[in-house]
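Chain residues, written in single-letter form:
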Amino acid sequence: AQSVAQPEDQVNVAEGNPLTVKCTYSVSGNPYLFWYVQYPNRGLQFLLKYITGDNLVKGSYGFEAEFNKSQTSFHLKKPSALVSDSALYFCAVRDGGYSTLTFGKGTMLLVSP
Amino acid sequence: ETGVTQTPRHLVMGMTNKKSLKCEQHLGHNAMYWYKQSAKKPLELMFVYSLEERVENNSVPSRFSPECPNSSHLFLHLHTLQPEDSALYLCASSQEGENYNEQFFGPGTRLTVL
């Protein structure tokens, strides 16, 4: 079975400061990891993914994520937060042998001016 | 239109009504999905169609019935729903194959069951 944990319901950060949204996962095989963002009244938008290769993955809107196999983590990061980054962020994992994604419960990011 | 579209965007129905949600993808993908998003819960995968065949059903109640007439269109038929079925219903598509590609989501249908 595959699972994802996002331990924080909400993350607060001031504009201009770095941000981190945490994600840990559990799979039986090789993990395929994704981050999505959801703005109010919108569907989910893809940010970035890790399939193989470099542990540091760069994605849309200046976001990046670091795959850490020993800690089974895939934390989302951004060096300098913007107020417009405020949204709901979802981590998702896919086991190599499965055809579906398992999503975390989401973390609300609030960036204050 | 581009991407994944869903209609209607909002729907209010009584428990005895029958309605359908529609999803269309303009990306040339070969797999489509229905998800249910409820407040403070993880996204729940309801149905998957890959190459127009349903490949997974996560024990969804029979009052939800999917239909995928071709690779671009996906429907979710609703009948005798319960108030707890009120949620945001999201459609997604992806290109399945050797690479594990990301899913593209529509804007969702906000369903309220009275």
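Criteria and thresholds
Position numbers for residues count from 1 along each chain, tracking the sequence in the order it is written. Working convention: letters from A go to chains and numbers from 1 go to ligands, in the order in which they are written. With pLDDT at 70 or above as the cut-off, local features in this predicted model cover only qualifying residues; side-chain atom pairs require 80 or more to be listed or tallied, and sums for whole chains, interfaces and linings still use all residues. The side-chain numbers reported here are obtained from all heavy atoms of the structure, hydrogens and water having been left aside. For this text, the term disulfide refers to a pair of cysteine sulfurs within 2.5 Å. Secondary structure elements are defined from DSSP: runs of H or I of at least 4 residues count as helices, runs of E of at least 2 residues count as strands, and each element is numbered from the N terminus. Working rule for contacts: check all heavy atoms of both residues, and any pair within 4.5 Å makes them a contact. Throughout, buried area stands for the accessible area (probe radius 1.4 Å) lost by two parts on being put together, summed over both. For this document, the term salt bridge refers to a Lys or Arg side-chain nitrogen within 4 Å of an Asp or Glu carboxyl oxygen. Here a polar contact means two N or O atoms within 3.5 Å. Within protein one must be a hydrogen donor candidate and the other an acceptor candidate, and residues neighboring in sequence count only if both atoms are side-chain atoms. Residue type decides the class: Asp, Glu, Lys and Arg count as charged, Ala, Val, Leu, Ile, Met, Phe, Trp, Tyr, Cys and Pro as nonpolar, and the leftover types, Gly among them, as polar. The term nonpolar core refers to a set of buried residues drawn from Ala, Val, Leu, Ile, Met, Phe, Trp, Tyr and Cys, joined through side-chain atoms within 4.5 Å. Remark: exposure states derive from per-residue accessible area (1.4 Å probe, protein chains only) relative to the maximum for the residue type, with buried under 20%, exposed over 50%, and partly exposed in between. Centres within 6.5 Å make a pair out of two Phe, Tyr or Trp rings, where for Trp the six-membered ring is used; the pair is then stacked when the planes are under 30 degrees apart, edge-to-face when over 60, and tilted otherwise. Note that His is not counted, nor are the chain ends; the positive residues are Lys and Arg, and the negative ones are Asp and Glu.

Enquirer: How do you make sense of the state of the cysteines when you look at a structure like this?
Expert: What makes a disulfide is a covalent bond joining the sulfur atoms belonging to two cysteines. Counted by the stated rule, this structure contains two disulfides over all chains. Covalent S-S linkage joins A:Cys23 and A:Cys91, the inter-sulfur distance amounting to 2.0 Å. Across the S-S bond of A:Cys23 and A:Cys91 the torsion is about -65°, and the bridge reads as left-handed. Note that A:Cys23 is positioned in the loop between β3 (19-21) and β4 (24-26) and A:Cys91 in strand β10 (residues 87-95), a separation of 68 residues in sequence. Note that B:Cys23 is cross-linked by a disulfide to B:Cys91, the S-S spacing being 1.9 Å. Between B:Cys23 and B:Cys91, the disulfide has an S-S torsion of -75° and is therefore left-handed. Placement of B:Cys23 in strand β3 (residues 18-25) and of B:Cys91 in strand β9 (residues 87-94) is noted, with a sequence separation of 68 residues between them.

Enquirer: Would you explain the interface of chain A and chain B in this entry?
Expert: By convention, interface size is frequently given as the accessible area that disappears when the constituent parts associate. Tallying the contact residues gives 22 residues for chain A and 21 residues for chain B. Of all residues in chain A, A:Leu44, A:Arg94 and A:Phe103 give up the largest surface area on contact with chain B, accounting jointly for 28% of the area buried on that side. B:Glu102 is the partner of A:Lys49 in a salt bridge, and the nearest nitrogen-oxygen pair spans 3.0 Å. On the surface where chain A and chain B come into contact, there are five residue pairs in polar contact (both at pLDDT 80 or more). No other element matches strand β5 (residues 31-38) of chain A, which puts four residues into the side of chain A that touches chain B. Its residues placed into classes, the side of chain A that touches chain B shows eleven nonpolar, seven polar and four charged.

Enquirer: Please clarify how the nonpolar core should be interpreted in this entry.
Expert: The tendency in soluble globular proteins is for nonpolar side chains to be buried as a group. In this structure, A:Trp35, A:Leu47, A:Leu48, A:Phe74, A:Leu76 and A:Tyr89 are the most contacted members of the largest nonpolar core, which totals 27 residues. Secondary-structure elements contributing two or more residues to this core are β2 (10-14), β3, β5, β6 (44-50), β8 (64-68), β9 (73-78), β10 and β12 (107-112) of chain A. Here this core takes four residues from β10(A), the largest share from any one element. Not counting residues up to four positions away in its chain, the partners in contact with A:Tyr89 are A:Gln6, A:Trp35, A:Tyr36, A:Val37, A:Leu47, A:Phe63, A:Leu76, A:Gly106, A:Thr107 and A:Leu109. Counting residues in each nonpolar core, the second largest holds 22 residues, with B:Leu21, B:Met32, B:Cys68 and B:Tyr89 among its members.

Enquirer: It is not clear to me how the pattern of salt bridges should be interpreted in this structure. Could you clarify?
Expert: Residues and elements named next belong to chain A. Tallied over the full model, the rule gives seven salt bridges over all chains. Note that Asp9 is salt-bridged to Lys105, the shortest N-O span being 2.4 Å. Note that Asp9 is positioned in the loop between β1 (3-5) and β2 and Lys105 in the loop between β11 (102-103) and β12, a separation of 96 residues in sequence. In this structure Lys105 comes out as partly exposed when scored by relative accessible area, which is 33%. Here Lys78 makes a salt bridge to Asp85, at a shortest N to O gap of 2.8 Å. This pair shows no difference in class: Lys78 is buried, exactly as Asp85 is.

Enquirer: Would you explain the packing of aromatic side chains in this entry?
Expert: Two aromatic rings are characterised by how far apart their centres lie and by the angle between their planes. Residues and elements named next belong to chain A. As enumerated under the stated definition, the model contains 14 aromatic pairs over all chains in all. Judged by centre distance (6.0 Å) and plane angle (70°), the rings of Tyr36 and Phe46 are edge-to-face. One end of the pair, Tyr36, is in strand β5; the other, Phe46, is in strand β6, with ten residues separating them in the sequence. The class for Tyr36 is buried, based on a relative accessible area of 0%. Take Phe46: its relative accessible area is 22%, and that puts it in the partly exposed class.

Enquirer: Which parts of the structure should I look at to understand the side chain of B:Lys36?
Expert: All names here are of chain B. The topology assignment puts Lys36 in strand β4 (residues 31-37). As a buried residue without a salt bridge, Lys36 has its nearest oppositely charged side chain in Asp85, at a separation of 4.2 Å. Polar contacts involving the side chain of Lys36 include one to the main-chain carbonyl oxygen of Glu84, which spans 3.3 Å. Discounting residues that sit within four places of it in the chain, Lys36 has contacts with Pro42, Leu43, Glu44, Met46, Glu84, Asp85, Ala87, Leu88 and Tyr89.

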